[in-house]
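Residue-level listing of the chains:
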Amino acid sequence: MTTAQAQELDVQPTPLALLLLGREADPRSERGVECPGDLPSPSDPDLVARARAAKEKLGDKVFVLGHHYQRDEVIQFADVTGDSFKLARDAAARPEAEYIVFCGVHFMAESADILTSDDQKVVLPDLAAGCSMADMATAEQVAECWDVLTEAGIADRVVPVSYMNSSADIKAFTGRHGGTICTSSNAERALNWAFEQGEKVLFLPDQHLGRNTAVRDLGMSLEDCVVYNPHKPNGGLTAEQLRDAKMILWRGHCSVHGRFSLESVEDVRARIPGVNVLVHPECRHEVVAAADYVGSTEYIIKALEAAPAGSKWAIGTELNLVRRLANRFAPEGKEIVFLDRTVCFCSTMNRIDLPHLVWALEFLAEGTLVNRIEVDAETEAFAKLALERMLALP
């Protein structure tokens with residue numbers, strides 16, 4: 001993409017650091033991994049047996065967490081599956097486990113480290129498993145945004161609410177400034193709480209979840225929302241726009257859920273008469289407005305569990321999960337399809353594959369700690385404060 005094309009589409013060219021995966025020392029660049037030994041070949045027919053052997057050798061010393069979006073080849077070795085916050089809490093409930101192997105992405109492993117004891121060590125099988133949404137809000141950008149809000153004279157009336165899909169630094173910022181964390185399940189409660197504390201909300205980093213919750217659940221209008229673009233001076237907003245807004249949405253999004261469009265919904269309704277469209281609230285507002293049902297990953301699973309036999313569903317979320325649910329409920333006569341015709345996995349989540357899991361487990365079984373995720377004490381303290389506010393939500 002040329003610079004002119006990027007400007008026309010209002011996107012930023014990819015920083016060079018992101019292209020040099022694993023080759024930069026700059027902590028702000030995309031995380032890579034330098035393995036102390038070669039990864040097993042993905043064609044190794046013994047991978048499953050090797051994973052089982054290493055896990056059995058570790059016994060109760062290891063607890064493997066598998067996010068819903070993981071590959072089936074990895075999920076089969078998970079002790080528990082779930083969304084990011086559920087998994088982090090599950091890890092904290094297993095203090096006897098010395099090693100927490102998190103098959104997910106970087107911010108999830110950070111949350112697990114924040115919530116587990118100092119004696120537990122959180123391991124991410126591939127350090128390059130990041131989250132594009134979480135990386136759309138850096139600590140420096142958010143600090144600059146707060147300066148803009150201060151100059152506009154409204155910072156003292158703004159309460160930050162950060163999605164669980166954010167880095168530990170952003171969670172800590174939220175804790176320092178009197179805010180709370182939310183999940184896609186409790187975003188409405190988090191916003192209600194925030195508006196009891198102040199007049200405005202700075203919602204980080206997913207604009208779509210913030211907008212959908214404000215408009216769909218709290219009854220606000222689209223005009224109550226403005227989008228802060230960290231790549232533009234003053235976020236691309238005037239002081240008057242900031243003062244008039246109720247919701248200041250960070251310009252971030254999920255690369256998977258952002259793919260779904262209104263055309264996707266219209267197309268699947270034309271192809272499958274009587275289909276129920278069920279989407280995640282990280283989808284665009286027009287997609288959510290056109291859907292029949294909207295909810296978190298856990299909501300999606302429970303809705304399909306309760307669905308009658310013979311019902312038809314188009315699901316707007318990550319493909320690994322949709323395919324797993326389609327296979328699970330096929331014997332009950334439930335037809336479950338991916339909302340979009342274009343196949344789209346979460347590319348960073350899929351970095352955690354069986355070779356990386358085998359590599360991590362085998363080194364742990366030999367007593368060598370690899371790929372530890374560790375949040376510094378100050379960041380952890382403020383991030384935990386924000387998480388505790390979420391846990392205390394009415």
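Higher on the page you've got the structure.
Residues numbered from 1 in each chain as written. Predicted model: local features only at pLDDT ≥ 70, side-chain atom pairs only at ≥ 80, totals over all residues. Heavy atoms only, no water.

*Asks:* How do you make sense of the pairing of strand β13 (residues 335-338) when you look at a structure like this?
*Replies:* In the case of a regular strand, side chains alternate between the two sheet surfaces. Of the two faces of β13, only one is covered, namely that formed by Ile 336 and Phe 338; the face formed by Glu 335 and Val 337 stays uncovered. Pairing between strand β12 (residues 312-316) and β13: four bridges, direction parallel. Across the sheet, the residue bridging to Lys 312 is Glu 335, located in β13. In this view, the connection linking β12 to its parallel neighbour β13 by way of helix α15 (residues 319-329) has right-handed handedness. (Buried < 20%, exposed > 50% of the residue type's maximum accessible area, 1.4 Å probe, protein only. Helix = DSSP H or I, 4+ residues; strand = E, 2+ residues; numbered from the N terminus. Pairing = 2+ DSSP bridges. Right-handed = clockwise from strand over helix to strand, strands pointing away.)

*Asks:* Looking at this structure, I do not really get the packing of aromatic side chains. What am I missing?
*Replies:* The geometry of an aromatic ring pair is captured by the separation of the ring centres together with the interplanar angle, meaning the angle of the planes. The full count for this structure, using the stated rule, is five aromatic pairs. Note on Trp 146 and Phe 173: the rings are 5.6 Å apart at their centroids and 80° apart in plane angle, and the pair reads as edge-to-face. In this pair, Trp 146 sits in helix α7 (residues 139-151) while Phe 173 sits in helix α8 (residues 168-176), placing the two residues 27 residues apart along the sequence. Each member of the pair Trp 146 and Phe 173 is classed as buried. On the numbers, 5.6 Å between centres and 40° between planes, the contact of Tyr 293 with Trp 313 is tilted. (Phe/Tyr/Trp six-rings, centres within 6.5 Å; stacked < 30°, edge-to-face > 60°.)

*Asks:* Explain the pattern of salt bridges here, please?
*Replies:* Close approach of charged atoms allows side chains with opposite charge to pair. Inspection of the entire model under this criterion finds 18 salt bridges. A salt bridge links Lys 55 to Asp 79, with the nearest nitrogen and oxygen atoms 2.9 Å apart. Placement of Lys 55 in helix α3 (residues 47-58) and of Asp 79 in the loop between α4 (72-75) and β2 (80-82) is noted, with a sequence separation of 24 residues between them. Judged by its relative accessible area of 35%, Asp 79 is partly exposed. Each of Asp 44, Arg 50 and Glu 362 takes part in one network of salt bridges that share partners. (Salt bridge = Lys/Arg side-chain N within 4 Å of Asp/Glu carboxyl O.)

*Asks:* I keep staring at α8 and nothing clicks. Help me out?
*Replies:* Of all nine residues that make up α8, seven are buried, and the element is covered over most of its length. Burial in α8 covers these residues: Ala 168, Ile 170, Lys 171, Ala 172, Phe 173, Thr 174 and Gly 175. Taken together, the buried residues of α8 touch α6 (106-115), α7, β5 (158-163), β6 (180-182), β7 (200-204) and α17 (377-391). At the C-terminal side of α8, Gly 178 shows a positive phi close to 80°. (Contact = heavy atoms within 4.5 Å.)

*Asks:* Got a minute to help me understand the packing of helix α5 (residues 84-92) against α6 in this structure?
*Replies:* Angle between the axes and distance between the axes are the two parameters that describe a pair of packed helices. Here α5 crosses α6 at 35°, and the two axes come no closer than 8 Å. Considering only the axes of α5 and α6, their crossing is right-handed. Contacts between α5 and α6 involve Ser 84, Phe 85, Ala 88, Arg 89 and Ala 92 on the former and, on the latter, Phe 107, Met 108, Ser 111, Ala 112 and Leu 115. Along the lines of polarity and charge, the residues of the contact of α5 with α6 split into seven nonpolar, two polar and one charged. (Axes fitted to C-alpha atoms, helices over the stretch in contact; angles between N-to-C directions. Left-handed = near helix turned anticlockwise from the far one by under 90°. Nonpolar A, V, L, I, M, F, W, Y, C, P; charged D, E, K, R; others polar.)

*Asks:* Would you take a moment to explain the nonpolar core for this structure?
*Replies:* Across soluble globular proteins, nonpolar side chains have a tendency to be buried as a group. Val 101, Phe 203, Met 247, Val 279, Ile 336 and Leu 339 are the most contacted members of the largest nonpolar core, which has 110 residues in total. In terms of residue count, the dominant contributor to this core is helix α16 (residues 354-365) (nine residues). Not counting the four nearest positions on each side in its chain, Met 247 is found in contact with Leu 191, Phe 195, Val 201, Phe 203, Gly 210, Ala 214, Met 220, Asp 224, Cys 225 and Val 226. Listed in part, the 21 residues of the second largest apolar core include Cys 145, Trp 146, Ala 152 and Ala 245. (Core = buried A, V, L, I, M, F, W, Y, C linked by side-chain atoms within 4.5 Å.)

*Asks:* Whenever I open this one, the sheet that holds strand β10 (residues 276-279) confuses me. Can you help?
*Replies:* Strand pairing in a sheet relies on backbone hydrogen bonds. The paired strands run either parallel or antiparallel. Across the sheet, which stays open at both edges, the four strands sit in the order β11-β10-β12-β13 with parallel pairing between neighbours. The two strands at the open ends of the sheet, each matched to only one other strand, are β11 (293-294) and β13. Note: β10 against β12, four bridges, orientation parallel. The partner of Leu 278 across the bridge, within β12, is Ile 315. Of the strands in this sheet, β12 and β13 are in contact with α15, which crosses β13 at around 165°.

*Asks:* What exactly am I supposed to notice about α15 here?
*Replies:* Along an α-helix, a turn takes 3.6 residues, which lines up residues three or four apart on a common side. The complete set of buried residues in α15 reads Leu 319, Asn 320, Leu 321, Val 322, Leu 325, Ala 326 and Phe 329. Looking at the packing, one finds that the buried side of α15 touches α14 (297-306), β12 and β13. Where α15 starts, the residue carrying a side-chain oxygen 2.7 Å from the main-chain nitrogen of Asn 320 turns out to be Glu 318. (Polar contact = N/O pair within 3.5 Å; in protein donor to acceptor, adjacent residues only side chain to side chain.)

*Asks:* Honestly, the environment of Pro 40 in this entry has me stumped. Any pointers?
*Replies:* Here Pro 40 shows up in the loop between α2 (16-19) and α3. Using a relative accessible area of 9% as the deciding quantity, one classes Pro 40 as buried. C-alpha of Pro 40 to C-alpha of Leu 354: the two residues are 314 residues apart in sequence and 8.8 Å apart in space. Non-local contacts of Pro 40, meaning those with residues more than four positions away in its chain, are made with Leu 47, Arg 50, Pro 355, Val 358 and Trp 359.

*Asks:* Just to check I follow, could you spell out the pairing of β7 for this structure?
*Replies:* Counting buried residues along β7, five of its five residues qualify, which places the element largely inside the surrounding structure. Residues Lys 200, Leu 202 and Leu 204 line one face of β7 and the alternating positions Val 201 and Phe 203 line the opposite face, and both faces are buried. Relative to β7, β5 runs parallel, the two being bridged by five bridges. Across the sheet, the residue bridging to Val 158 is Lys 200, located in β7. Pairing of β7 with strand β9 (residues 247-250) involves three bridges; the strand directions are parallel. When the sheet's bridge partners are listed, Val 201 is paired in β9 with Met 247.

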